[in-house]
Every structure is written in C-alpha cells, then in structure tokens.
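# A look at the structure
Residue-level listing of the chains:
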Number of protein chains: 2
Amino acid sequence: MNSNFIHTYVSVDCVVFGFDHENRLNILLVERHLDEKRQIKLPGSLIFSDEDVDDAAQRVLHELTGIKKMILKQFKCFADPMRANNENDIKWMGMEYKHHIDRIITVAYLSLCKIDHKINSTKYSTVDWFPVDEVPSLPFDHNKIINESLVEVRKWIELDFSIIFELLPKKFTIRQLYQLYSALSEKYIDIKNFHKKISSFSYIVPLDEIETNVSHRAARYYKFDAKIYKKNNTKLIK
Amino acid sequence: MNSNFIHTYVSVDCVVFGFDHENRLNILLVERHLDEKRQIKLPGSLIFSDEDVDDAAQRVLHELTGIKKMILKQFKCFADPMRANNENDIKWMGMEYKHHIDRIITVAYLSLCKIDHKINSTKYSTVDWFPVDEVPSLPFDHNKIINESLVEVRKWIELDFSIIFELLPKKFTIRQLYQLYSALSEKYIDIKNFHKKISSFSYIVPLDEIETNVSHRAARYYKFDAKIYKKNNTKLIK
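The paragraphs below set out a description of the structure included in this document. None of these values were measured; they are calculated from a predicted model.

A few words on the packing of aromatic side chains. Here the distance between the centres and the angle between the planes together describe a pair of aromatic rings. All names here are of chain A. Tallied over the entire structure, the rule returns 31 aromatic pairs over all chains. Relative to Phe194, the ring of Tyr178 has its centre 5.3 Å away and its plane inclined at 65°; by these criteria the two rings are edge-to-face. Note that Tyr178 is positioned in helix α4 (residues 174-184) and Phe194 in helix α5 (residues 191-199), a separation of 16 residues in sequence. Here Tyr178 falls in the buried class, since its relative accessible area comes to 11%. Three or more aromatic residues link up through ring pairs in this structure, and these residues are Phe161, Phe165, Phe172, Tyr178, Tyr181, Phe194, Phe201, Tyr203, Phe224 and Tyr229. Of note, Lys76 hangs over the ring of Phe78, and the distance from its end group to the ring centre comes to 5.1 Å.

A few words now on the side chain of Glu31 of chain A. Residues and elements named next belong to chain A. The topology assignment puts Glu31 in strand β2 (residues 25-34). One polar contact links Glu31 to Arg38, side chain to side chain, over a distance of 3.3 Å. In this structure, Glu31 is in contact with Arg38, Gln39, Ile40 and Thr126, ignoring residues within four places of it in sequence.

For the rest of this paragraph, the subject is helix α3 (residues 142-159) of chain A. Residue pairs three or four apart in sequence face the same way in an α-helix, which turns once every 3.6 residues. When the terminal C-alpha atoms of α3 of chain A are compared, their 25 Å separation across 18 residues agrees well with the 26 Å that a helix rising 1.5 Å per residue should span. For α3 of chain A, the complete set of buried residues consists of His142, Ile145, Ile146, Ser149, Glu152, Val153, Arg154, Trp156, Ile157, Glu158 and Leu159 of chain A.

Quick look at the interface of chain A and chain B now. Contact with chain A, which involves 52 residues of that partner, is made by 52 residues of chain B. For the pair chain A and chain B, the summed buried surface comes to about 5,000 Å²; carbon and sulfur atoms form 62% of the total. In this assembly, chain A and chain B are joined by zero salt bridges. One can count 12 residue pairs in polar contact (both at pLDDT 80 or more) joining chain A with chain B. Among the secondary structure elements, those contributing two or more residues to the side of chain A that touches chain B are β1 (7-19), α1 (53-65), β5 (72-78), β6 (104-112), α3, α4 and α5 of chain A. Looking at the side of chain A that touches chain B, the element that brings in the most residues is α3 of chain A, giving five residues. Residues of the side of chain A that touches chain B, tallied by class, amount to 25 nonpolar, 11 polar and 16 charged. Where β1 of chain A lies against strand β1 (residues 8-19) of chain B, two bridges are found, and the strand directions are antiparallel. Directly across from His7 of chain A, in β1 of chain B, lies its bridge partner Tyr9 of chain B.

Scoring rules and cut-offs
Residues numbered from 1 in each chain as written. Chains lettered and ligands numbered in written order. Predicted model: local features only at pLDDT ≥ 70, side-chain atom pairs only at ≥ 80, totals over all residues. Heavy atoms only, no water. Phe/Tyr/Trp six-rings, centres within 6.5 Å; stacked < 30°, edge-to-face > 60°. Helix = DSSP H or I, 4+ residues; strand = E, 2+ residues; numbered from the N terminus. Buried < 20%, exposed > 50% of the residue type's maximum accessible area, 1.4 Å probe, protein only. Lys NZ or Arg CZ within 6 Å of the ring centre and 35° of its normal. Polar contact = N/O pair within 3.5 Å; in protein donor to acceptor, adjacent residues only side chain to side chain. Contact = heavy atoms within 4.5 Å. Expected span 1.5 Å × (residues − 1). Buried area = accessible area lost by both parts, 1.4 Å probe. Salt bridge = Lys/Arg side-chain N within 4 Å of Asp/Glu carboxyl O. Nonpolar A, V, L, I, M, F, W, Y, C, P; charged D, E, K, R; others polar. Pairing = 2+ DSSP bridges.

Rendered as structure tokens:
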C-alpha cells in the first residue's frame, strides 16, 4: 500500500439554526465532558461502516432534537490535515470512540428549526441555543464550520426563499419576516420597500388575525403557502 | 475499537464543463485501462495523507489540463456504502493504488473550462470532451455524480451569474450567451426577452467589432466586465 494515501475516519457535524425572540440567529450546541471539564461543541458523530453521510446527519439530528425528519443540506467537507490534532480533541475522541484517532474528515450539514420547538435529545444531556455572535471558542474547527455555515444558509435562502419560513412560527407578522431577513442579509434593506416587495408575493398569505397584547400597533398575521410557492419558476437570471 | 465506524479512503472527482460550437454542454472524461480494455471515467484521485480535499481537486485539475489555477467548487460528498463494490472497480483500484480497497468516499467538484483551451495533461494519455447527453455508462457512481453536477452548475450560475462567462470565449455574441443559457436552463426563454434583459446589464459591454464570415446577419461582439459586475450587490429576494 502507498502509505501516502489517506485512510481515515469520517464524521458528520450539524449546524442547526434557530431565530430567537430578540431577532438573533442562534445555533444548537451540545456539551462534551473531558477530565471533569465541560466544553460545548457542534453535534456530530463518526459515520458507521454501512451508513451514507446523509443518513448519518439525519441520525445525528434525530439524536439531538428527537425530531424525526428535519430539513437538512450538506454544505462542505472539511478535511484540513491539522483539524483534529489538538491534544484535548485527540484525548476526547479516544474516550468517545475507544480508539486513537489522529486525523478525521468531517462533512458539515445545515439544518433549520423553529426555536420554540421542544428539544428532546435521546443522546445529549445538555443541548442549548446560542446566539451566533456569542459562540465561544469550540473544539476542532467548529468555529470555522459555523462561520462558513452562515454564508451557506444565506445562499440556501437565496436559491430557495421558502427555506426562510422554516425559521418562523407558522403564523408571523411582516415585521418578524423583515427582522429575520435583516439578520440573514449582508446589507440594509428599507422596511417600506420590503413591505412593497413582500406584498407582491402571492405565497405569503394574510390571515384574519392580528397580534394581541402588544404595545405597538397590532400587526396582521401571515402564513406561508408552499403550494403557491412551488408554482413559481426559478430563473437563472435575477 | 468499535469496528462499526468507517475507516476509509477518500478521493476527489472532478466534473469539468465546457460549451461546444454546436451549443452543447460537454464534460471532460479520461481513460482507465483494465485487462487490456479501455473504459472512460471522471478524472479523480485518492487524497494524500497531508492534503486537504480542495488541494487534491486543484491537483487533479492541473494533472488533467495542465492549467495552473482553474475555477472550482466543491459540491457534494458521495458516500453510498455500495458505490465502489463493483468487481471491476475493486480490481482497477487494486492495480492503480496497489491496495485492496472495498469502500471509498469521494468528494465531487465542479469546474469550468473554455472548450478551445489547449488540454495538456501531465497524467492521462487520453482526455476527451463528451457531450453531456452522450456520456456512456461509467464506473463507480460517476453517472450519478454527473447528473447531480448538472443541477449544481445551474445553482452556481444562479448564485453568481459571472460564472457563465467562464464557458464562453472572451468575446461573444448575445446569441452565444442565449444558447449557453438555454442549454443550462430548465425552461424555455424567449430570445427577444433575453436580449431586453441582457441589455439592462451594464457588465455586458458591447465591442466595436462584429462577426465576419457568417451566413446570417453579422452580430456584434460583447465582453464581460468583472469589475462592473462586482459592484452590483446580490440580494436574497429576487
């Protein structure tokens, strides 16, 4: 055998986004235990020998949230030869997987979750939402994965705008949609122009219901209609 | 060690697109030799133990074309446990890599090349362009990879329209751009509407030059201006 070729373990890591009530993007992180210290990390797992990577990611998401079928998108394979050679990371992998692992390639996934959905993990004792800009230093290259996932979630929504509604409650106000859009977008957008644009989208359907118990003027609720959305064709040229 | 976890070789495979003079999308395929039989396949390689996947893909593209730096985009990890268990594929890998390999994960890349560019392979004796709809049955899951790459190249251009000009000559007519766009697009677009749309793009710049030696009315040549293009902002909402 030519020992120059890599022979390696392969894992999946999942970045699950949520949108909180203070209009911030959040992600789900879990705890790992090492020498009685706790450290947070992205949820993930080595893949099994009879498993495809998409199935492994779906398994990780189910172990993480208890939700059977979550929307997910593979976005990148991270394979820097140095990504898993931190002493603590090697030690933790030895405990977790009962084997000495000094190189590991990971395939990273995006997923989206309504932040009020009950999280019922079958694997992790601690699963928490963290605002994206308050994520501390994480093991491996997990901070890098999160940074790149922000670019990818934006592209995902650009290619398929219906994805954005996975992050909103079933009924939402245009202000909520605007705030989510602003949190995702790179540039400022005027709320009046936004209202005008949104009102031209037939798949955003007004409901006979307005907000209650709010200090500002009560706004109308809307819902997303996937059937109407699907009828629209996507075009290469914007 | 828990033997249920995969421990595997990892390769990269590259789908390089070109656009021919008969308005067809083509891809570059290479020959492999097995028992004196020749079979075509996607260009690819196992990755080295000190190599990141992006570097491996850039190396494969260089070995394939002789071009130093080609545009490339990672698009998917293919990891079906059955993707490399065809008898001939296992036999070929044994010859090529001097080791028995029964499972292999591959990371697939897209690349684009002007079809008139000289191909100067440092590795393969035979490198040929094949129209996408005339590709025969290939080893491993290479046909599947090609099918998925067609969807991905379309998404790539949807996210960044400047990519399309990598497939055209430096000076091109609007008809050429239309025909390439039509070959990539899922739906029919009227050429008059296309002209109207294109003429609103300041980054497609008319030249003081028209076609010569053509049987139809000579059309003006245009060039793509990357600087003007970059000034435009991308938006989430189309």
